[in-house]
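Analysis of the macromolecular model
Chain residues, written in single-letter form:
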Amino acid sequence: MRGLAWGWPDPFLGRMASANADVMLIGSVSGLGSNGFTRLDTLDELAEVPDGFGGMIWTDRVEVIGPAISKRWPRLSGDPNSPSYPP
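What follows covers the overall build of the protein. Helix and strand counts for the protein stand at three helices and two strands. The secondary structure elements of the protein, listed N-terminal to C-terminal, are α-β-α-β-α. Here the protein, with 87 residues, has 25% of them falling under the buried criterion. For the protein, long-range pairs separated by at least 24 residues make up 37% of all intrachain contacts whose partners lie at least 6 apart in sequence. When the accessible surface of the protein is summed, it comes to about 6000 Å², and 55% of that surface belongs to carbon and sulfur atoms.

In this section: the confidence of the model for the protein. For the protein, the average pLDDT comes to 80, and 76% of its residues sit at 70 or higher. Across the protein, the secondary-structure element scoring lowest on mean pLDDT is helix α1 (residues 10–18), at 89, and the one scoring highest is helix α2 (residues 43–47), at 93. Taken together, the stretch residues 82–87 has pLDDT below 50 and engages in 13 contacts with residues farther than four places along the chain or on a different chain.

What counts as what
- Here the residue numbering is sequential within each chain, running from 1 through the sequence in written order.
- pLDDT decides what is reported in this predicted model: residues at 70 or higher carry local features, side-chain atom pairs at 80 or more are listed and counted, and totals for whole chains, interfaces and linings draw on all residues regardless.
- Excluding hydrogens and water, the side-chain figures rest on all heavy atoms present in the structure.
- A run of H or I in DSSP becomes a helix once it reaches four residues, and a run of E becomes a strand once it reaches two; helices and strands are each numbered from the N terminus.
- Here the term buried applies to any residue with accessible area under 20% of the maximum for its type, exposed to any over 50%, and partly exposed to those in between, with areas from a 1.4 Å probe on protein chains only.
- Only heavy atoms enter the contact rule, under which two residues are in contact if any of them lie within 4.5 Å.
- All accessible-area figures derive from a Shrake-Rupley calculation using a 1.4 Å probe, and residue coverage is judged against the displayed protein chains alone.
- Per residue, pLDDT captures the predictor's confidence, and it can take any value from 0 to 100.

Written as structure tokens, this is what we have:
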């Protein structure tokens, strides 16, 4: 994910937060349009997401990505006793 955007991840995410802009991660991009990119569908791709990421992840494999997100970021699973996010 390096080279994704200037200052990725922390400065970029900070700029987006200060502008009240949402950030959505997708898979690889090979062209323009909805057929020009993949979704973030593998555990290897999810492992590249920085721990401080608090945006959205677009996936077509929620049965794979969902449980991994619940383990890595418990607050997203709805547990009110989980630490606040981002850390």
